[in-house]
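Each chain, letter by letter, is given below.
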Amino acid sequence: MNPETAESAFVRACRRLPVPHTPVWYMRQAGRSLPEYRAVRADVPMLTACATPDLIVEITMQPVRRYGVDAAIFFSDIVVPLKAIGIDLDIKPGVGPVVADPIRDTAGVDTLRALDAGDVPYVTEAIQALTKELGPTPLIGFAGAPFTLASYLIEGGPSKNHDHTKAMMYGEPALWHALMGSLTDITLAYLRVQIDAGASAVQLFDSWVGAVAPGDYREFVLPYTSRIFAGLADLDVPRIHFGVGTGELLGLLGEAGADVVGVDWRVPLDQAARRVGPGKALQGNLDPAVLFAPWDVVEGRARDIVARGRAAEGHVFNLGHGVLPTTDPDQLARLTDLVHEASAR
């Protein structure tokens, strides 16, 4: 990591070091809420955009220019590494990732092969270009966590109840563990590619893991997330772990080995700090829907989060999930300025 990036407010907050102000970035800060994003993506399918280095660079930079955030997040999608190893899938507008042949047996699991840097040359190329353009601003790499990837692969697409996923987890544990082991290897390799190319931090998105009870998380998920974080330890970059609806799992998310635990909007940050325990920074956690309220409401909520975030050993301000597509970009620009001003040390 370049020395300037290492001294950025974002990296220092992740490492629980003193900062000049609470750093800010937003999940899905690059995307449909920005008119400039809609312009460059007008006729380009999502997975094509995710494999085109100059588009990745432009889309990643757009919110940094517009909002003055303290970190960029690599523009991609969690299914990119699966596509790269030959899984037949597509991202359908308004639906999400759709898998042509859902994996529900040993033969399906056997179709998953290892991933290496040669499978995703566009990732390396884009990250190398981005780190030059970003200068001292850190770039966050990311991947989908094994549970969430498994759910897409088993269900064949997004699912409300994850019934096929849980049926395998509970009813065919040997098959489940084989699938999770393969996805862990792929995810770990993909994150290492991003860090080797120059990413200053990484986030593991376990979007759907809030569907799992704590005991089941410990048995069926924790060993795999732990292996990913342990497998990145030698690279000395901050590791962030985030899931939605994970209030009951926050202690376990911390136990998995990340440096920073992301908190959705359902648990106040001071309570989250107690649940996660010592030795971790927190990230979060404004409800993305608050941004549709009048500014005085947004300001009051944001100031409250900044204040509660002081209970944590380090705090990165973020939303409790991604920016919603119809969000007014001006609200996010004002929010960034407000957090910087309200938290100035």
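Preceding this paragraph is the structure being described.
The notes below deal with the structure included here. (Residues numbered from 1 in each chain as written. Predicted model: local features only at pLDDT ≥ 70, side-chain atom pairs only at ≥ 80, totals over all residues. Heavy atoms only, no water.)

## A look at the sheet that holds strand β8 (residues 281-286)
Picture the strands of a sheet paired through backbone hydrogen bonds; they go either parallel or antiparallel.
Item 1. With parallel pairing, seven strands are arranged side by side in an open sheet as β1-β4-β5-β6-β7-β8-β9. On the outer flanks of this sheet lie β1 (72-73) and β9 (315-319), each paired with one strand and no other.
Item 2. The pairing of strand β6 (residues 239-243) with strand β7 (residues 260-262) spans two bridges and is classified as parallel. Within the sheet, the bridge partner assigned to His-241 lies in β7 and is Val-261.
Item 3. Running at roughly 165° to strand β4 (residues 139-144), helix α11 (residues 173-197) makes contact with β4 and β5 (201-206) of the sheet. (Pairing = 2+ DSSP bridges. Helix = DSSP H or I, 4+ residues; strand = E, 2+ residues; numbered from the N terminus. Contact = heavy atoms within 4.5 Å. Axes fitted to C-alpha atoms, helices over the stretch in contact; angles between N-to-C directions.)

## Focus: the pattern of salt bridges
Think of it this way: side chains of opposite charge can pair up when their charged atoms draw near.
Item 1. Counted under the stated rule, the structure contains 16 salt bridges.
Item 2. Its salt-bridge partner being Arg-66, residue Glu-36 comes within 2.9 Å of it at the nearest N-O pair. Here Glu-36, found in helix α3 (residues 35-40), pairs with Arg-66, found in helix α5 (residues 53-67); they are 30 residues apart in sequence, far enough to count as distant.
Item 3. Sharing partners across several salt bridges, the network here consists of Glu-58, Arg-65 and Glu-133. (Salt bridge = Lys/Arg side-chain N within 4 Å of Asp/Glu carboxyl O.)

## Here we look at the packing of aromatic side chains
Item 1. A full pass over the atoms with the stated rule returns seven aromatic pairs.
Item 2. Plain terms: the ring middles of Phe-142 and Phe-205 are 5.4 Å apart, the flat faces sit at 80° to each other, and that makes the pair edge-to-face. Highlighted residues: Phe-142 in strand β4 and Phe-205 in strand β5, separated in sequence by 63 residues. Note on accessibility: Phe-142 and Phe-205 belong to one class, buried. (Phe/Tyr/Trp six-rings, centres within 6.5 Å; stacked < 30°, edge-to-face > 60°. Buried < 20%, exposed > 50% of the residue type's maximum accessible area, 1.4 Å probe, protein only.)

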